[in-house]
Amino acid sequence: MSTEKIAIDTIAEAKSVLQLAQTRNLNSLLVITSPYHVRRASCIYNQIFAGKNIEISVRGVQNSWYRPTTWFLSVEGWKQTTQELAGLFYLFINPGQLK
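Attention here is on the structure that accompanies the text. (Residues numbered from 1 in each chain as written. Predicted model: local features only at pLDDT ≥ 70, side-chain atom pairs only at ≥ 80, totals over all residues. Heavy atoms only, no water.)

### Re the pairing of strand β2 (residues 55-60)
Phase 1 of the analysis: Pairing between strand β1 (residues 28-33) and β2: 6 bridges, direction parallel. Within β2, the residue paired with I32 across the bridge is R59.
Phase 2 of the analysis: One crossover worth recording links β1 to the parallel β2 by way of helix α2 (residues 38-48), and it is right-handed. (Pairing = 2+ DSSP bridges. Helix = DSSP H or I, 4+ residues; strand = E, 2+ residues; numbered from the N terminus. Right-handed = clockwise from strand over helix to strand, strands pointing away.)

### A look at the nonpolar core
Phase 1 of the analysis: Ranked by internal contacts, the top residues of the largest apolar core, which has 18 residues, are L29, I44, Y45, I48, F49, I54 and I56.
Phase 2 of the analysis: Mapped by element, the contributors of at least two residues to this core are α1 (10-23), β1, α2 and β2.
Phase 3 of the analysis: When neighbours within four sequence positions are excluded, I56 is seen to be in contact with L29, Y45, N46 and F49. (Core = buried A, V, L, I, M, F, W, Y, C linked by side-chain atoms within 4.5 Å. Buried < 20%, exposed > 50% of the residue type's maximum accessible area, 1.4 Å probe, protein only. Contact = heavy atoms within 4.5 Å.)

### Focus: the side chain of S64
Phase 1 of the analysis: Among the structural elements, S64 can be located in the loop between β2 and α3 (75-93).
Phase 2 of the analysis: Residue classification places S64 among the buried positions, given a relative accessible area of 12%.
Phase 3 of the analysis: A distance of 3.1 Å separates the side chain of S64 from the backbone nitrogen of Y66, its partner in a polar contact. (Polar contact = N/O pair within 3.5 Å; in protein donor to acceptor, adjacent residues only side chain to side chain.)

### Here's the deal with the side chain of Q80
Phase 1 of the analysis: Along the chain, Q80 turns up in helix α3.
Phase 2 of the analysis: Using a relative accessible area of 10% as the deciding quantity, one classes Q80 as buried.
Phase 3 of the analysis: With residues near it in sequence (within four places) discarded, Q80 still touches Y36 and W65.

### Things to note about the layout of surface pockets
Phase 1 of the analysis: Approximately 250 Å³ is the volume found for the second largest pocket.
Phase 2 of the analysis: As for the second largest pocket, its lining consists of P35, Y36, V38, R39, Y66, P68, W71, T81, E84, L85 and L88.
Phase 3 of the analysis: Elements with a minimum of two residues in the lining of the second largest pocket: α2 and α3.
Phase 4 of the analysis: Among the elements that take part in the lining of the second largest pocket, α3 stands out by supplying 4 residues, more than any other. (1 Å grid on protein atoms, 1.4 Å probe; cavity = no way out; pocket = protein on both sides within 12 Å on 5 of 7 lines; lining within 4 Å. Points joined across faces, edges and corners; volume = space filled by probe spheres on them.)

### Here we look at the environment of N25
Phase 1 of the analysis: Note on placement: N25 falls in the loop between α1 and β1.
Phase 2 of the analysis: Taking the C-alpha atoms as reference, N25 lies 9.1 Å from I54; in sequence the two are 29 residues apart.

### Re the packing of α1 against α2
Phase 1 of the analysis: Where α1 contacts α2, the two axes come as close as 9 Å, and the packing angle between them is 45°. In this view, α1 runs oblique relative to α2, as classed from their interaxial angle. Crossing of α1 over α2 shows right-handed handedness. For the pair α1 and α2, contact is made by T10, I11, E13, A14, K15, V17 and L18 and by R40, A41, I44, Y45 and I48, respectively.
Phase 2 of the analysis: Split into classes, the residues belonging to the contact of α1 with α2 amount to 8 nonpolar, 1 polar and 3 charged. (Axes fitted to C-alpha atoms, helices over the stretch in contact; angles between N-to-C directions. Parallel < 35°, antiparallel > 145°, perpendicular 65-115°, else oblique. Left-handed = near helix turned anticlockwise from the far one by under 90°. Nonpolar A, V, L, I, M, F, W, Y, C, P; charged D, E, K, R; others polar.)

What follows is the structure, encoded as structure tokens:
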């Protein structure tokens, strides 16, 4: 299932996916995202789905340009990694965003 057209960010997407999953009585989901986005997406989805009895697994797409061991060798790698770290920091200082 895709929520690309109805979600403006990862938090809104996770909330939309939760509604879809509940409507369809799903008990597990696999979320596929960019490798650099896995950690933040996992934090968001696990918080949004907490206590809902739906198992969440978040995985990075294979064959991506982004590699955990070489991201620092490119400008794009630095850009994506720092944006994700900033997003994680934002979630840390604004935990109410996940309610």
